[in-house]
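Here is how the chains run, residue by residue.
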Amino acid sequence: MKRNFRRIAACITAFLMLGAASSSYAVKNGDTLSAIANEFDTSVTAIVEANGISNPNRIYVGQELVIPGADSYIVQPGDTLEKVATKTWTTVAVLAEANGITNPDLLYVGTQLQLAIPAHTFEADTGSATTYVVQAGDTVGGIAARHKTTVSSVVELNRIANPNLIRIGSTLVINGAGWLCPVEGGTFFNDWGFPRSGGRFHEGNDIFAPHGTPIVAPVSGTLLQVVGDIGGYQFNLEGDDGNLYIGSHMDRFATDGYVQTGDVIGYVGDSGNAKGSRPHLHFEIHADGENPVNPYPTLAEACG
Ligand SMILES: [Zn+2]
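Since the structure is predicted, the reported quantities are computational estimates derived from the model, not experimental observations. (Residues numbered from 1 in each chain as written. Predicted model: local features only at pLDDT ≥ 70, side-chain atom pairs only at ≥ 80, totals over all residues.)

Considered for burial, the residues of helix H5 (residues 92-99) that qualify are Leu95, Ala98 and Asn99. One side of H5 carries all its buried residues, which in axial view fall inside an arc of 80°. Looking at the packing, one finds that the buried side of H5 touches helix H4 (81-87) and strand S4 (112-114). (Buried ≥ 20, exposed ≤ 12 C-beta atoms within 10 Å, placed from the backbone. Helix = DSSP H or I, 4+ residues; strand = E, 2+ residues; numbered from the N terminus. Arc of directions from axis to C-beta. Contact = placed C-beta atoms within 7 Å.)

A word on the confidence of the model for the chain. Counting all residues, the mean pLDDT for the chain is 83, and 87% of those residues have values of 70 or more. Taken together, the stretch residues 1-20 has pLDDT below 50 and engages in 38 contacts with residues farther than four places along the chain or on a different chain. (pLDDT = per-residue confidence, 0-100.)

Further remarks concern the sheet that holds strand S12 (residues 252-253). Across the sheet, three strands lie side by side as S8-S14-S12; this open sheet has antiparallel pairing. Two strands close off the open sheet at either side, each with one partner strand: strand S8 (214-216) and S12. (Pairing = 2+ DSSP bridges.)

For Val226, the location among the structural elements is in strand S9 (residues 221-228). Note: C-alpha distance between Val226 and Ile246 (20 residues apart in sequence) is 9.9 Å.

The phi dihedral of Arg159 is positive, around 50°, even though this residue is not glycine. With respect to the secondary-structure elements, Arg159 resides in the loop between helix H7 (151-157) and strand S6 (171-176). The residue His249 is not glycine, and still its phi comes out positive at about 70°. Secondary-structure assignment places His249 in strand S11 (residues 244-250).

In this structure, Val183, Ile215, Ile265, Val268 and Leu281 are the most contacted members of the largest nonpolar core, which totals 29 residues. Looking at this core, the elements with two or more residues in it are S8, strand S10 (232-239), S11, strand S14 (264-267), strand S15 (280-286) and helix H8 (296-303). Dropping the residues within four chain positions of it, Val268 is found in contact with Val183, Ala209, Pro210, His211, Gly212, Thr213, Ile215, Met250, Asp251, Pro279, His280 and Leu281. The next biggest cluster of nonpolar side chains, apart from the first, holds 11 residues, and it includes Leu81, Val84, Ala85 and Ile101. (Core = buried A, V, L, I, M, F, W, Y, C linked by C-beta atoms within 7 Å.)

Written out as structure tokens, the structure reads:
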């Protein structure tokens, strides 16, 4: 039901309303104000006030209603980020931040854009830097594992030319226990909010990597294995940072229960409704365990 209204919202146009994000909706047969209010996450009172309606039980088919506080907009052909900002009475900067848009010139028709920066914003804990003095017998891999970080992170931070040659007694800067890239070497772009079948929207990012690429826990937490028709082999990781991480379409699981940052939890694949497609991890971040947020800014920082 909600999704149907969202799809109808594809024909929204915007009106100036007290500076808040707003849009308009043409009343359809069978609509009630309470149903419309419910589907747009607003209240009957707000719609009544915005439209000067004297009798809330009397709305007519085709009536254009201003919907105050609409929270999303679906990109139409010919839209640019500037045009959307003008239509929805917001700014390019707000749209870019709310949707994790890094390239304003790449806007895809049908994408659902959030019009305001969500209350549940997500900022990954990038960890704290520490130093470590290399001991006899150490390897970069071993040091990285012990500090819950990655080889590439240690190599980059210390500008190590050859990871097989580290000098005993040298001091390395280690950025440990931070938020780890779940699929090291995977490729992804900002496909958050892209249209999906049935009027759904993509509530994550797809990280592409060959079959069998290991997936690591970005943070420590409790892992739940889920198997379903859509997500296939899926993990739900209740992170110790309070966020819920969901990853779908794995070929197989690696571990269950409590995991440490960096533990291998599964392998990239094409299970569930991704069968036969290019193998990828569909990855979601639910800030505070509730609302999904765009993982792109976090992935871009952690996987760069
Ligand atoms: Zn996906």
